Amino acid sequence: MKKIMNLKKSHPLISVIDSSLIKLPTPTSISFWWNMGSIMGICLMIQIITGLLLTMHYTPHIDLAFNSVNHIYRDINMGWFLRIMHANGASLFFFFTYLHIGRNMYYNSYMLVMPWMSGIIILFLLMATAFMGYVLPWGQMSFWGATVITNLFSVIPYLGQDIVQWIWGSFAISNATLNRFFMLHFLLPFILLAMVMIHLIFLHQTGSSNPLSIKYNIDKISFHPYFTYKDILGFFIMFTMLMILMIWYPYLLSDPDNFILANPLVTPIHIQPEWYFLFAYAILRSIPNKMGGVIALAMSIVILFIKPLIFKKKIKGDQFFWFNKILLFNFFFNFLILTWLGACPVEYPFITMSQFFTVTYFMYFLISMYSSMLWNNYLNIKI
């Protein structure tokens, strides 16, 4: 025992691991929904490792990129495994990210302001990284998806077109664009990893939330072994999902048009992004005005920053209020419907439905504020 204590004193890293992972005070009531953060950490490591291995064989040139991806699939030893794991790993990463955000919204974890704010910054970085990665295979949907999204910056008054051409590095999407996106896609995951560390530092300062909103230290136990085993179970579930997706349905979440070489002269009948961007894409398309659509698209994520700021005081047990449950599940339903609508053609009735569900998507944030005030008044009356 004395040797272990001396080891902790002589090695600060071991002391940090002991205090931040092994003996970390953790609420007893947290459920499997709190495993999403650790699962996302494993997803990030999978993406970084597979991405680094893929870059050894990828060529960021418009004449060679598509063939280099094909070369990885067909000629590199286990290249197909790395490529499919990287592509489907991104989908799983977003799946668990959305579950993580949904849990935070349900249990009022956004009231831990700094962890929430840093988490939304991580979401923005993740979206930017995924978008740039989608361009790299240089298929039809990659090229035209990049064309649509980069053109959104043209709505900025006076400077819009100059900014678009600056991003492109030319007067159209070209080799310079592909090189820039490859470089950023390579660097952003490491910035993302740094933000994750900052996110964890804030989380350890404030402590984890819990389903019962209890903050007393008497309710807390050490993280190991009670929650490390639960995390390990979550890792097994995540790896099982990934393997099923890779082995049985490797192209389920891929667009068939991306297996065609990018052709600037042939526009696909229906341009759409990956499934994890479809909800925002549906909001963008639902507004006939271009600038209005871009603002709505940006606000669909930026509004998450505002959520902890619209409450003047912290409200405990808000998740138990029946009206709040209805509101939140309606919001989740909205998210799923908008995701489906984003993959539908731009025609009636899908446009009308997109407009309706866009309004209800944003109305949730306004109505939930008044709902929480009602719950707070109810608690004061009961007391």
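Thresholds applied
Residues numbered from 1 in each chain as written. Predicted model: local features only at pLDDT ≥ 70, side-chain atom pairs only at ≥ 80, totals over all residues. Heavy atoms only, no water. UniProt positions renumbered as here; feature names shortened; annotations may be inferred. Helix = DSSP H or I, 4+ residues; strand = E, 2+ residues; numbered from the N terminus. Buried < 20%, exposed > 50% of the residue type's maximum accessible area, 1.4 Å probe, protein only. Contact = heavy atoms within 4.5 Å. Areas by Shrake-Rupley, 256 points an atom, 1.4 Å probe, with all protein chains shown as cover. Core = buried A, V, L, I, M, F, W, Y, C linked by side-chain atoms within 4.5 Å. Arc of directions from axis to C-beta. Axes fitted to C-alpha atoms, helices over the stretch in contact; angles between N-to-C directions. Parallel < 35°, antiparallel > 145°, perpendicular 65-115°, else oblique. Left-handed = near helix turned anticlockwise from the far one by under 90°. Nonpolar A, V, L, I, M, F, W, Y, C, P; charged D, E, K, R; others polar. Lys, Arg positive; Asp, Glu negative; His and termini not counted. Salt bridge = Lys/Arg side-chain N within 4 Å of Asp/Glu carboxyl O. Patch = residues over 30% accessible without salt bridge, like charges linked within 9 Å, V, L, I, M, F, W, Y side chains within 5 Å. Expected span 1.5 Å × (residues − 1). Bend = angle between axes of the 7 residues up to and from the residue. Polar contact = N/O pair within 3.5 Å; in protein donor to acceptor, adjacent residues only side chain to side chain. Phe/Tyr/Trp six-rings, centres within 6.5 Å; stacked < 30°, edge-to-face > 60°. Lys NZ or Arg CZ within 6 Å of the ring centre and 35° of its normal.

- In the nomenclature of an unreviewed UniProt entry, the protein chain is known as Cytochrome b of Ceraclea indistincta.
- For the record of the protein chain, the UniProt heading Subcellular location (unreviewed entry) holds the text "Mitochondrion inner membrane".
- Under Sequence similarities (unreviewed entry), UniProt gives the following word-for-word description of the protein chain: "Belongs to the cytochrome b family."

## Observations regarding the overall build of the protein chain
- Tallying secondary structure elements over the protein chain gives 14 helices and 2 strands in all.
- Put simply, the protein chain has 383 residues, and 48% of those count as buried.
- Within the protein chain, residue pairs in contact and separated by at least 24 positions form 79% of the contacts whose partners lie at least 6 positions apart.
- A total of about 20,500 Å² of accessible surface is found on the protein chain, and carbon and sulfur atoms cover 74% of it.

## What about the UniProt feature "binding site: a ubiquinone" (unreviewed entry) in the protein chain?
- The UniProt record annotates "binding site: a ubiquinone" (unreviewed entry) at His 204.
- With respect to the helices and strands, His 204 occurs in helix H9 (residues 175–206).

## As for the nonpolar core
- Within the largest apolar cluster, 92 residues are counted, with the highest numbers of intra-cluster contacts made by Met 105 and Phe 279.
- Looking at this core, the element that brings in the most residues is helix H6 (residues 113–135), giving 13 residues.
- Excluding residues within four positions of it along the chain, Met 105 makes contact with Tyr 110, Trp 116, Leu 304, Lys 307, Leu 328, Phe 331, Tyr 364 and Phe 365.

## Quick look at the UniProt feature "binding site: heme b b562" (unreviewed entry) in the protein chain
- Listed under "binding site: heme b b562" (unreviewed entry) in the UniProt record, and renumbered for this structure, are His 86 and His 185. Despite a sequence span of 100 residues, these residues sit close together in the fold, their greatest C-alpha distance being 12.8 Å.
- Within the secondary structure, His 86 is located in helix H5 (residues 79–106).
- The exposure class of His 86 is buried, given its relative accessible area of 16%.
- In contact with His 86, other than residues within four places in its own chain, are Gln 47, Thr 50, Gly 51, Leu 54 and His 185.
- Along the chain, His 185 falls in helix H9.
- In this structure His 185 comes out as buried when scored by relative accessible area, which is 17%.
- The residues contacting His 185, other than those within four sequence positions of it, are His 86, Thr 129, Met 132, Gly 133 and Leu 136.

## Remarks on helix H4 (residues 65–74)
- Every buried residue of H4 is listed here: Ala 65, Phe 66, Ser 68, Val 69, Ile 72 and Tyr 73. Viewed end-on, H4 has its buried residues packed into an arc of 165°, placing them on one side of the element.
- Of the surrounding elements, those touching the buried residues of H4 are helix H3 (36–55), H5 and H9.

## Some points on the packing of H3 against H9
- One way to put it is that H3 packs onto H9 with a least axis distance of 11 Å and a crossing angle of 155°. The angle between H3 and H9 places the two elements in the roughly antiparallel class. As H3 runs across H9, the sense of the crossing is left-handed. Between H3 and H9, the residues in contact are Leu 44, Met 45, Ile 48, Leu 52 and Thr 55 and Phe 182, Phe 186, Pro 189, Phe 190, Leu 192, Leu 193 and Val 196, respectively.
- Partitioning the contact of H3 with H9 into residue classes produces 11 nonpolar, 1 polar and no charged.

## Some details on the environment of Gly 207
- Residue position: Gly 207 is located in the loop between H9 and strand S2 (220–222).
- Classification of Gly 207 as buried rests on a relative accessible area of 16%.
- When the C-alpha positions of Gly 207 and Thr 26 are compared, they lie 7.5 Å apart, and in sequence the two are 181 residues distant.

## Structural notes on the side chain of Glu 274
- If you trace the backbone, Glu 274 turns up in the loop between helix H10 (228–247) and helix H11 (278–286).
- For the buried residue Glu 274, which engages in no salt bridge, the nearest side chain bearing the opposite charge is Arg 83, 7.8 Å off.
- Setting aside residues up to four positions removed in sequence, Glu 274 forms contacts with Tyr 134 and Leu 253.

## Describing a nonpolar patch on the surface
- Taken together, Met 78, Trp 80, Ile 244, Ile 247, Trp 248, Tyr 249 and Leu 252 make up a surface patch of nonpolar side chains, about 770 Å² in accessible area.
- Within the secondary structure, Ile 244 is located in helix H10.

## Some points on the environment of Tyr 106
- Relative to the helices and strands, Tyr 106 is located in helix H5.
- A relative accessible area of 19% means that Tyr 106 is categorised as buried.

## What about helix H12 (residues 290–306)?
- For H12, with 17 residues, the first-to-last C-alpha span of 24 Å sits near the 24 Å given by 1.5 Å per residue.
- Within H12, the axis deviates most sharply at Ser 300, by approximately 45°.
- Every buried residue of H12 is listed here: Gly 293, Val 294, Ala 296, Ser 300, Ile 301, Ile 303 and Leu 304.
- The opening residue of H12 is Asn 289, an N-cap whose side-chain oxygen sits 3.1 Å from the backbone nitrogen of Met 291.

## A look at the packing of aromatic side chains
- For the structure shown, the criterion picks out 36 aromatic pairs.
- Ring geometry for Tyr 251 against Phe 259: centres 5.4 Å apart, planes inclined by 90°, an arrangement best described as edge-to-face.
- On the accessibility criterion, Phe 259 (45% relative accessible area) is partly exposed.
- The cationic tip of Arg 103 hangs over the ring face of Trp 34; the distance from NZ or CZ to the ring centre is 4.3 Å.

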